[in-house]
Amino acid sequence: VHPMRFLHLSDLHLGKRVCEFSMLDDQRYILEQILSLLDTHPVDAVLLAGDLYDKPVPPAEAVRLLDWFLTALAERKLPVFAISGNHDSADRVAFGSALLAESRVYVSPVFSGPPEPITLTDAHGPVDLYLLPFLKPAMVRHVWPDAPIESYNDALACVLDHCSLDPARRSVLVAHQFVTGADRSDSEETWVGGLDNVSAEVFKDFDYVALGHIHRPQKMGRETLRYSGTPLKYSFSEADHKKSVTIVELLEKGNVTVSTVPLIPRRDM
């Protein structure tokens, strides 16, 4: 029985400029490479863990590039599970979501309560996918004003407690947060004193957590809690990073394997 396979991507930062230089051509090149990689590494769905754009109001060319990429994935009959990151406007990413869902491109709605799972099925049964956009504590306090939410960790714990996972089913979370201990680069937005830290423990009930936000690919304590990293280098602190995409294979409950496939940029930093 073939496992359910996911391609885990994040932090496209479409429209980014590095030292005033537009990265759009390099971004299109790497997205084309990712599409051709799907021919050699077939998957059942694509997980896009936030920071689709570099700015809340992205330039028109960046919007067209994401439009082209999502359309190419939909033409391959691949469901896409995308969330907004801290660089994105949650409202803009959520635009047209009901229409996109008809093409099986699922985007996170503006946060208004615990995410409803979207279910895929294979020979081992259902897999529930949860889309959690980038969250700040104030957004969560707004939904649960009586909950004691002081920190990012409280906020995430509160939301995930309300997800009511079925422990017998496999579940996957797509999220965009800073997990304590992650190895940062210079190109991420960071908060002084680690205020944005979330403990790995809050994610313990998920079979796989596809994280975005940190630009260096890495696992967080366990293989199945993972940052895919950016597909391109966006700062000099990333000069020695090996960029890749992450392939996740889910077999029966409790059996997950994770591997990476390298990406080769059009030109290197």
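Everything below is about the structure printed above this text.
Quick look at the structure, then. As the structure is a computational prediction, the values presented were derived from the model and not from experiment. (Residues numbered from 1 in each chain as written. Predicted model: local features only at pLDDT ≥ 70, side-chain atom pairs only at ≥ 80, totals over all residues. Heavy atoms only, no water.)

1. Section: the sheet that holds strand 12 (residues 208-212)
Consideration 1: Taken in spatial order, the 6 strands line up as 7-8-9-12-14-13 in an open sheet, and their pairing is mixed. The open sheet terminates on both sides in strands that have one partner only, identified here as strand 7 (118-122) and strand 13 (218-220). Across this sheet, the average inter-strand angle for adjacent strands is 30°, counted without regard to direction.
Consideration 2: Relative to strand 14 (residues 222-227), strand 12 runs parallel, the two sharing 3 bridges. (Pairing = 2+ DSSP bridges. Helix = DSSP H or I, 4+ residues; strand = E, 2+ residues; numbered from the N terminus. Axes fitted to C-alpha atoms, helices over the stretch in contact; angles between N-to-C directions.)

2. Quick notes on the packing of aromatic side chains
The relative placement of two aromatic rings is captured by the distance of their centres and the angle of their planes.
Consideration 1: In this structure the tally under the stated criterion is 4 aromatic pairs.
Consideration 2: A centroid spacing of 5.1 Å and a plane angle of 20° characterise the contact between F81 and Y106, whose relative ring orientation is stacked. Taken together, the residues span a long stretch of sequence, with F81 in strand 5 (residues 80-82) and Y106 in strand 6 (residues 105-107) at a distance of 25 residues.
Consideration 3: Plain terms: the ring middles of F111 and W144 are 6.4 Å apart, the flat faces sit at 55° to each other, and that makes the pair tilted. Highlighted residues: F111 in the loop between strand 6 and strand 7 and W144 in the loop between helix 5 (137-143) and helix 6 (152-161), separated in sequence by 33 residues.
Consideration 4: Residue W144 is classed as buried on the basis of its relative accessible area of 16%.
Consideration 5: The ring of W68 has R28 lying over it, and the distance from NZ or CZ to the ring centre is 3.9 Å. (Phe/Tyr/Trp six-rings, centres within 6.5 Å; stacked < 30°, edge-to-face > 60°. Buried < 20%, exposed > 50% of the residue type's maximum accessible area, 1.4 Å probe, protein only. Lys NZ or Arg CZ within 6 Å of the ring centre and 35° of its normal.)

3. Re the pairing of strand 15 (residues 244-250)
Consideration 1: Most of strand 15 is tucked away: 6 of the 7 residues are buried.
Consideration 2: Where strand 1 (residues 4-9) meets strand 15, 5 bridges bridge the pair, whose relative direction is antiparallel. Across the sheet, M4 pairs through a bridge with L250, a residue of strand 15.
Consideration 3: Two elements, strand 15 and strand 16 (residues 256-262), share 7 bridges in a ladder whose sense is antiparallel. Paired with S244 across the bridge in strand 16 is P262.

4. Notes on the packing of helix 1 (residues 24-40) against helix 2 (residues 60-75)
Consideration 1: Orientation of helix 1 relative to helix 2, taken along the N-to-C sense of each, is 5°, at an axis distance of 11 Å. Here helix 1 lies roughly parallel to helix 2, going by the angle between them. On helix 2, the residues that touch L24, Q27, R28, L31, E32, I34, L35 and L38 of helix 1 are E61, A62, L65, W68, F69, A72 and L73.
Consideration 2: When the residues that make up the contact of helix 1 with helix 2 are grouped by side-chain class, the tally is 11 nonpolar, 1 polar and 3 charged. (Parallel < 35°, antiparallel > 145°, perpendicular 65-115°, else oblique. Contact = heavy atoms within 4.5 Å. Nonpolar A, V, L, I, M, F, W, Y, C, P; charged D, E, K, R; others polar.)

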